[in-house]
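Chain by chain, the residues run as shown.
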Amino acid sequence: MATSRSLNMRVAVLLIMVLSVCGSEFSRKKRKTLEEIKKINGNGPYVGLITVYAPEETAFFATGAFQSDPKHPFVDLAGRRFRVGKIHNKKVIYVRCGVGLVNAAAATQNMVDMFEISGIVHFGIAGNANSSMSIGDVTIPTQFADTGLWDWLNPNGTVDTSDFGKLDIGNFNVPRGEGENLLGHVGYSTEQFYSESGDPNTPERVNWVNTTHQWLNLAANLEGIRLERCVNSSFCLSEQPKLVIGLRGATANTFIDNAAYRDFLFQTFHVSSLDMESSAVVMTSLSNSFPVLVIRGLSDLAGEQKGDNHIQIFGPLAASNTARVVIEFLKTLPNPHYALL
């Protein structure tokens, strides 16, 4: 016992020595980053802008509206680059979060924890579940559901009565030949929503999370905005894209390119846009008592096409239209930015 304890002590001392040598450089970098953030925050507050992946970022910066801060152009934090600047004289901090719910929540929490933020505008492209909407349209939803919270049951299982949706897979996947469909049933569970306004460790069970009503009202002034119809000089959509405000969106860690599942989501949850990040950004923002708005451009009607998904063709157009709406929305915000809740 004494020998084991002595060995553990020596290992602990050695570990401390190694960490002190390696950690000194890390501490200097961290201290420098925090000093930079303090200077940046002294010029706030800022609107936080969060998009997802490179094509959306390319379309955003291609507008030329973003003017980088000459003294503090960016801060690298937790593996992401937070860019500081202005758009139409509105102070903004922009970051690309990466694909999926975890990336979206992490980047949003970094944003609100580290920077002097008045609210969050999340934007990007999305799939479409609503046949009355078209490729190139932009939607600003009022509500989001996380449709990836599944209770996947065996064929004889019973969906919990507290679930707010149910998928009987047999209705969509009938086995060929003899035999029973063993995929069973899926129940859609509710979110556990933690917030500063609630009691600690006591989440609220919610089916939907709402974007900020006051910001939706401001966005309503943009209805009728002219959006781009052409991918290039020789390839144009048959209909003029439009901005639609007040629909519902679904989020899950699933890229949906299946017509039957798209129809199920639309019929069950009455959602129009399908993406992989928005509900995480909305929940994280609201949990920390920040206003939030989501702007998504539709790149495809999920599962409609034969062959490759239309996102490859129309994604850049949807991203460009989305970026235009984001920039026009920033014009409508009061300056200085008030946290409208």
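The structure we're discussing is the one just above.
Residues numbered from 1 in each chain as written. Predicted model: local features only at pLDDT ≥ 70, side-chain atom pairs only at ≥ 80, totals over all residues. Heavy atoms only, no water.

1. Digging into the nonpolar core
Right, on to step 1. Residues Ile-93, Met-111, Phe-115, Ile-117 and Ile-120 are the most contacted members of the largest nonpolar core, which totals 31 residues.
Right, on to step 2. No other element matches the five residues that helix H3 (residues 101-114) contributes to this core.
Right, on to step 3. Phe-60, Val-121, Leu-218 and Ile-295 belong to the second-largest nonpolar core, a separate cluster that totals 29 residues. (Core = buried A, V, L, I, M, F, W, Y, C linked by side-chain atoms within 4.5 Å. Buried < 20%, exposed > 50% of the residue type's maximum accessible area, 1.4 Å probe, protein only. Helix = DSSP H or I, 4+ residues; strand = E, 2+ residues; numbered from the N terminus.)

2. Things to note about the pattern of salt bridges
Right, on to step 1. Tallied over the entire structure, the rule returns seven salt bridges.
Right, on to step 2. Among the ionic pairs, Arg-262 bridges to Asp-263, the shortest N-O distance being 3.2 Å.
Right, on to step 3. The shortest N-O distance in the salt bridge between Arg-296 and Asp-275 comes to 3.6 Å. Note that Arg-296 is positioned in strand E20 (residues 292-301) and Asp-275 in strand E19 (residues 273-275), a separation of 21 residues in sequence. (Salt bridge = Lys/Arg side-chain N within 4 Å of Asp/Glu carboxyl O.)

3. Some words on the sheet that holds strand E9 (residues 150-153)
Right, on to step 1. Reading across the sheet, the three strands line up as E9-E11-E10 and stay open at both edges, with antiparallel pairing between neighbours. In this open sheet, the two strands that pair with only one neighbour each are E9 and strand E10 (165-168). Geometrically, the sheet is characterised by an average inter-axis angle of 15° between neighbouring strands, direction not taken into account.
Right, on to step 2. The pairing of E9 with strand E11 (residues 185-188) spans four bridges and is antiparallel. Paired with Trp-152 across the bridge in E11 is Val-186.
Right, on to step 3. On top of the sheet, helix H5 (residues 259-269) reaches E9, E10 and E11; it is set at about 145° to E10, its chief contact. (Pairing = 2+ DSSP bridges. Axes fitted to C-alpha atoms, helices over the stretch in contact; angles between N-to-C directions. Contact = heavy atoms within 4.5 Å.)

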